[in-house]
Amino acid sequence: MSTKVGDIVEEFHSNNGDRITDNKMSTVHRHHETSRKESEDESRLPALEAAYTDILRHLGEDTDREGLLRTPLRAAKAIQFLTKGYHETIDDILNNAIFDEDHDEMVIVKDIDMFSLCEHHMVPFFGKVHIGYIPNKKVVGLSKLARIVEIFSRRLQVQERLTKQIATGISEALQPKGVAVVIEAAHMCMVMRGVQKMNSRTVTSAMLGVYLEDPKTREEFLYLSRRT
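To start, this report covers the structure provided alongside it.

**What to know about the overall build of the protein**
- Each helix and strand counted, the protein has 8 helices and 7 strands in total.
- Looking at the protein residue by residue over its 228 residues, the buried ones come to 36%.
- Summed over its atoms, the accessible surface of the protein is roughly 14200 Å², and 54% of this surface lies on carbon and sulfur atoms.

**Regarding the nonpolar core**
- If you look at the biggest cluster of nonpolar residues, it comprises 35 residues, and the most contacted ones within it are Val-129, Ile-131 and Ile-166.
- With residues up to four places along the chain from it excluded, the contact list for Val-129 reads Val-109, Lys-110, Asp-111, Ile-112, Met-114, Val-149, Ile-166, Val-181, Val-182 and Ile-183.

**Some thoughts on the side chain of Thr-83**
- With respect to the helices and strands, the residue Thr-83 is situated in the loop between helix H2 (71-82) and helix H3 (90-94).
- The residues touching Thr-83, leaving out its near neighbours within four places in the chain, are Arg-154, Arg-155 and Leu-156.

**Here we look at the pattern of salt bridges**
- For the structure shown, the criterion picks out 7 salt bridges.
- Residues Lys-84 and Glu-88 are paired through a salt bridge, measuring 3.5 Å at the closest nitrogen-oxygen approach.
- With a relative accessible area of 23%, Lys-84 lands in the partly exposed category.
- Of the charged contacts, one joins Asp-113 and Lys-128 as a salt bridge, the two residues approaching to 2.4 Å between their closest N and O atoms. With Asp-113 in strand S2 (residues 107-118) and Lys-128 in strand S3 (residues 124-134), this pair connects stretches of sequence that are 15 residues apart.
- Among the residues examined, Asp-113 registers a relative accessible area of 44% and is labelled partly exposed.

**Observations regarding the state of the cysteines**
- Under the defined criterion, the tally for this structure stands at 0 disulfides.
- Sulfur of Cys-118: no disulfide; nearest cysteine sulfur belongs to Cys-189 and is 4.4 Å away.
- In this structure Cys-118 comes out as buried when scored by relative accessible area, which is 5%.
- Taking the relative accessible area as the measure of exposure, Cys-189 reaches 13% and is therefore buried.

Rules of the game
- Residues numbered from 1 in each chain as written.
- Predicted model: local features only at pLDDT ≥ 70, side-chain atom pairs only at ≥ 80, totals over all residues.
- Heavy atoms only, no water.
- Helix = DSSP H or I, 4+ residues; strand = E, 2+ residues; numbered from the N terminus.
- Buried < 20%, exposed > 50% of the residue type's maximum accessible area, 1.4 Å probe, protein only.
- Areas by Shrake-Rupley, 256 points an atom, 1.4 Å probe, with all protein chains shown as cover.
- Core = buried A, V, L, I, M, F, W, Y, C linked by side-chain atoms within 4.5 Å.
- Contact = heavy atoms within 4.5 Å.
- Salt bridge = Lys/Arg side-chain N within 4 Å of Asp/Glu carboxyl O.
- Disulfide = S-S within 2.5 Å.

Right under this line is the structure:
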């Protein structure tokens, strides 16, 4: 084997080894973070359970009756799940799923189911998220876009901020030429209480980069995201 070929082979194995080591370290770090977060959630359960017990009592309920014996604990676990996005970051879920790719046309993932809690009344709002981005030599695994929606929607939210956070998160992670996000949602605070308008929907959008600067690009995204 020539010296030149030998150097290339050695460099390949060295770089590949570095990648494997980095991946292992990343996996270990994520496992440690997951264990830490689970431990924190477990330590907070008694306080949350006690709070829900107090709420039920102040509503006039008998917390010792059979149907409610485990309700405070179940409610505590449920609210932890519904707000688990506070303990997650985009780095946690991307998991090396950004790839070099010479693709510079629009990528759209639409009709992503979204569930969140309104921070004003802590009742649900839910609907669909449509995401578009134009790569800048890098693409992301498509399922990761739905996971990014999860991170920000599993918090106490308002729809306007949620829309912006999703767009900004994708932009910071991928550095694309542009990002577009549209959310269509029904808010239970308008359906179950207040004005009680059953068929109302709220639509919000966030446009970054070329989607903000170029009307034709924006129109193409809006047209494609509306198609059934």
